[in-house]
Amino acid sequence: MQEVNNFLIFIDSFIGSATWFPYALLGTGLFFTIYLKFPQIRFFKHAIKIVTGKFDRKDLPGDTSHFQALATALSGTVGTGNIAGVAFAIHLGGPAALFWMLVTAAIGMCTKFVEVSLSHKYRTKLSDGTMAGGPMYYMKNANFKFNGKKVNLKWLAAIFAFATVLSSFGTGSLPQINSISSTLLATFGIDQVVTGAVLAVLLALVIIGGIKRIAAVTSKLVPAMAIIYFIGAFAVILFNYENIIPSLIAIFGDVFTGSAATGGFIGANIAYAFNRGVNRGLFSNEAGQGSAPIAHASAKANEPLSEGMVAILEPFIDTIIICTVTGLVLLSSGAWNEKHINKFEYSEIEILEKQYVETNEEHKNKIYLHINDEEKLPTYSGKLEVVDGKIQNNDDFTFIHSRSFADNIMVYKDEGLLTDEVFTGSVAITNGKVSDDRPIKFIGESLVHSAPLTALAFKRGFFGDYGQYIVSIGLLLFAFSTAISWSYYGDRAMTYLFGPKSVIYYRVVYVVAFFFAAFQDTTIIWTLSAITIALMTIPNLIGILWLRKDMKKTIGEYGDFFEENFPGEKHPKFK
């Protein structure tokens, strides 16, 4: 399976993880921001009025309210990216990475506006009376032309729909329950099989009721989980109030220089901070991916543009509000640049030739250049000589873990025993990586990231150690709601590909896979989803750019509609 995973990583290196991919997303959003004259700013207040139902009518076609559609879409995007993704971005790129996450979200607001408006415009009413929409429907129904001739993009719609089905497992189901079960096991000691069984039953009860039940659940779940998370977050931020201003200065002050070294954090150059911030920002709000338009297509709306305006609020809430709050928790608590005792992940271990000392500025600068891919240092190949868990030949190498100097390392046998047994012997190292086949684990002090870092930060507030439980509960609710929403995305994609009768089989497979993923390794699925997300995004970007004139025309049509139906009502300029 490792060979298959490595092959998928190789394929992904040319698409989703390629250098050009985030620039394509940002470039599309920036183009529409300028082309449509900053709609995310001009229409923001109007979007709030729409989502509150001010312009609703009872006889509108659709299955859900504006707020329910927004909540369903948010439940798909507000997830592990908001808890773990922000911590990972700051870990990699420092505080400046958060700034680039916010810039990405601001541009993404426009991308969401466009993709949702077009998907809503070309949605279809199915034989069972429900609405179906999303990029596959505008690719099928819109009038695409090239050199004056109509172009059939149904084949591209099929690729998008198929990729959506796979992504529903790789993004929305399997990794989410795996994160939930692992967190509950670590925090409360709950068996992963039990977690998987209970949540699989709850998931089935929700999704079997279709979009109306999904929307009813998410419209209550999203506000509830946001309130719980914000209470815990502000308990940390206010407890460390003296660090709020320095944290904001760190976010905005190092934007064009990169984040300087501080504590155990070695530093990140501007390119690294930019790339990490953009990547995590895109992962967090999914703008341009084409997933959220599927949820928004179910909304009751006067005009397609009204739902597009509602979608403007999505990246704002998901990234600009929630991710900023998470970032302030991490920075104000000081946990982000401190070393903590943790079990080292093999993938994040790098052992370099020669001993470099952290207190030596010249040595530290060389490590800085190495981890930021500016000047690579030679890696170590040889043996770690270990006696009673302690490495003896430390003068031969430098042990790096999680982009930091690793301290106080102990080596144990990793045999699943209740009591760890120290290891004695030689550990093989090849090209800086542990190549020994025996079950061995390393425990020591280094920087940590993702959800464990957020959990540590939440302990430094008014709730003390109990703060970590808010992260666990938040992760459970966020991840579970993501699984709910993505089941609907896959549901609509299956409907497009194989008709409404295929949905029941999809739901059964979705729930069963959800259960097994609670206690199985989902690495290969996560890697596959990175590819399928790219296969959703690329067709969607092509489609919305192709329909740019259609989008501008739709804005003008909405202006005519609004002035005719709501005379005298204040509104932004639509033409």
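To be clear, the structure that these remarks concern was listed above.
To start, this report covers the structure provided alongside it.

Each value, and the rule that gives it
- Residues numbered from 1 in each chain as written.
- Predicted model: local features only at pLDDT ≥ 70, side-chain atom pairs only at ≥ 80, totals over all residues.
- Heavy atoms only, no water.
- Helix = DSSP H or I, 4+ residues; strand = E, 2+ residues; numbered from the N terminus.
- Rg over C-alpha atoms; globule rule 2.2 N^0.38 Å.
- Contact = heavy atoms within 4.5 Å.
- Areas by Shrake-Rupley, 256 points an atom, 1.4 Å probe, with all protein chains shown as cover.
- Lys, Arg positive; Asp, Glu negative; His and termini not counted.
- Charge placed at Lys NZ, Arg CZ, Asp CG, Glu CD.
- Salt bridge = Lys/Arg side-chain N within 4 Å of Asp/Glu carboxyl O.
- Buried < 20%, exposed > 50% of the residue type's maximum accessible area, 1.4 Å probe, protein only.
- Core = buried A, V, L, I, M, F, W, Y, C linked by side-chain atoms within 4.5 Å.
- Patch = residues over 30% accessible without salt bridge, like charges linked within 9 Å, V, L, I, M, F, W, Y side chains within 5 Å.
- Pairing = 2+ DSSP bridges.
- Axes fitted to C-alpha atoms, helices over the stretch in contact; angles between N-to-C directions.
- Parallel < 35°, antiparallel > 145°, perpendicular 65-115°, else oblique.
- Left-handed = near helix turned anticlockwise from the far one by under 90°.
- Nonpolar A, V, L, I, M, F, W, Y, C, P; charged D, E, K, R; others polar.
- Polar contact = N/O pair within 3.5 Å; in protein donor to acceptor, adjacent residues only side chain to side chain.

1. Some points on the overall build of the protein
Within the protein, the secondary structure is distributed over 21 helices and 15 strands. A compact globule built from 575 residues would reach a C-alpha radius of gyration of about 25 Å, and the protein, at 25 Å, matches this within 12%. Dimensions of the protein along its principal axes, counting C-alpha atoms only, are 80 × 55 × 50 Å. Taking contacts inside the protein between residues at least 6 apart in sequence as the whole, the part at least 24 apart equals 81%. As displayed, the protein offers around 23900 Å² of accessible surface, 62% of which is attributable to carbon and sulfur atoms. Considering the protein, the positive charge centre built from 47 side chains and the negative charge centre built from 47 side chains are found 14 Å apart.

2. Observations concerning the pattern of salt bridges
Tallied over the full model, the rule gives 13 salt bridges. Between Lys-343 and Asp-414 there is a salt bridge, with the nearest N and O atoms lying 3.7 Å from each other. One end of the pair, Lys-343, is in strand E5 (residues 340-343); the other, Asp-414, is in the loop between strand E11 (407-413) and strand E12 (421-422), with 71 residues separating them in the sequence. On the accessibility criterion, Lys-343 (46% relative accessible area) is partly exposed. The exposure class of Asp-414 is partly exposed, given its relative accessible area of 30%. The partner of Arg-438 in a salt bridge is Asp-436, and the shortest N-O contact between them spans 2.8 Å. For Arg-438, a relative accessible area of 40% translates into the label partly exposed.

3. Examining the environment of Ser-167
Mapping Ser-167 onto the fold places it in helix H9 (residues 154-188). By relative accessible area, which is 0% here, Ser-167 ends up buried. In sequence terms Ser-167 and Gln-192 are 25 residues apart; their C-alpha atoms lie 23 Å from each other.

4. Points about the nonpolar core
Phe-113, Leu-203 and Met-309 are the most contacted members of the largest nonpolar core, which has 137 residues in total. Top element by residues in this core is helix H18 (residues 467-498). It accounts for 15 residues. Not counting chain neighbours up to four residues away, the residues in contact with Met-309 comprise Phe-43, His-46, Ala-47, Ile-50, Phe-113, Tyr-558 and Phe-574. If you look at the next biggest cluster of nonpolar residues, it comprises 18 residues, including Ile-349, Tyr-380, Ile-429 and Ile-440.

5. Details of a positive patch on the surface
Judged by side-chain charge, Lys-37, Arg-42, Lys-552 and Lys-573 come together as a positively charged surface patch. Here Lys-552 is to be found in helix H21 (residues 548-565).

6. Things to note about the pairing of E11
Pairing geometry for E11 and strand E15 (residues 440-446), over five bridges, is antiparallel. Bridge assignment links Tyr-412 to a residue of E15, and that residue is Lys-441. With two bridges connecting them, E11 and E12 associate as antiparallel partners. Its bridge partner being in E12, Tyr-412 is matched across the sheet by Val-422.

7. Here's the deal with the sheet that holds strand E14 (residues 433-434)
Pairing is antiparallel in the open sheet, where four strands are placed in the order E8-E7-E13-E14. If you trace the sheet from one side to the other, it starts and ends with strand E8 (390-391) and E14, each paired once. For strand E7 (residues 382-387) and strand E13 (residues 425-430), the ladder comprises five bridges, and the chain directions are antiparallel. Bridging across to E13, Gly-382 finds its partner in Ile-429.

8. Here's the deal with the packing of helix H10 (residues 192-207) against H18
Relative to each other, H10 and H18 sit at 40 degrees, their axes nearing to 10 Å. As judged from the angle between their axes, H10 and H18 are oblique. You can see that H10 and H18 cross each other, and the crossing is right-handed. Contact with H10, carried on its side by Leu-199, Leu-202, Leu-203, Val-206 and Ile-207, involves Phe-480, Ala-483, Ile-484 and Ser-487 of H18 and no other residues of that element. Here the residues of the contact of H10 with H18 are counted per class, giving eight nonpolar, one polar and no charged.

9. A few points about unusual backbone geometry
Backbone geometry places Asp-373, a non-glycine residue, at a positive phi of 60 degrees. Relative to the elements of secondary structure, Asp-373 occurs in the loop between helix H16 (361-371) and E7. Phi angles above zero are rare outside glycine, and Arg-403 is one such case at about 60 degrees. Tracing the chain through its elements places Arg-403 in the loop between strand E9 (397-401) and strand E10 (404-405).

10. Quick word on the sheet that holds E11
Strands sit in the order E5-E15-E11-E12 across an open sheet of four strands; the sheet is antiparallel. Of all the strands in the sheet, the pair left with one neighbour each is E5 and E12.

11. Comments concerning the side chain of Arg-492
Considering the arrangement of structural elements, one finds Arg-492 in helix H18. Reaching out from Arg-492, the side chain makes a polar contact with the side chain of Thr-130 at a distance of 3.5 Å. Non-local contacts of Arg-492, meaning those with residues more than four positions away in its chain, are made with Leu-126, Thr-130, Met-131, Ala-132, Met-136, Tyr-137 and Ile-294.

12. Some points on the packing of helix H7 (residues 96-121) against helix H12 (residues 244-253)
Between H7 and H12, the least distance of the axes is 6 Å, while the angle of their chain directions is 70 degrees. Relative to H12, H7 is oriented roughly perpendicular. The chirality of how H7 crosses H12 is right-handed. On H12, the residues touching Ala-96, Leu-98 and Phe-99 of H7 are Ala-250, Ile-251 and Phe-252.

13. Considerations on the pairing of E13
Bridge count for E13 against E14 is two bridges, and the pairing is antiparallel. The partner of Thr-430 across the bridge, within E14, is Lys-433. From the end of E13 to the start of E14, which pair antiparallel, there are two residues, and Asn-431 there has a positive phi angle of about 50 degrees.

Take it as geometry only, folks, not as evidence of what the structure does.
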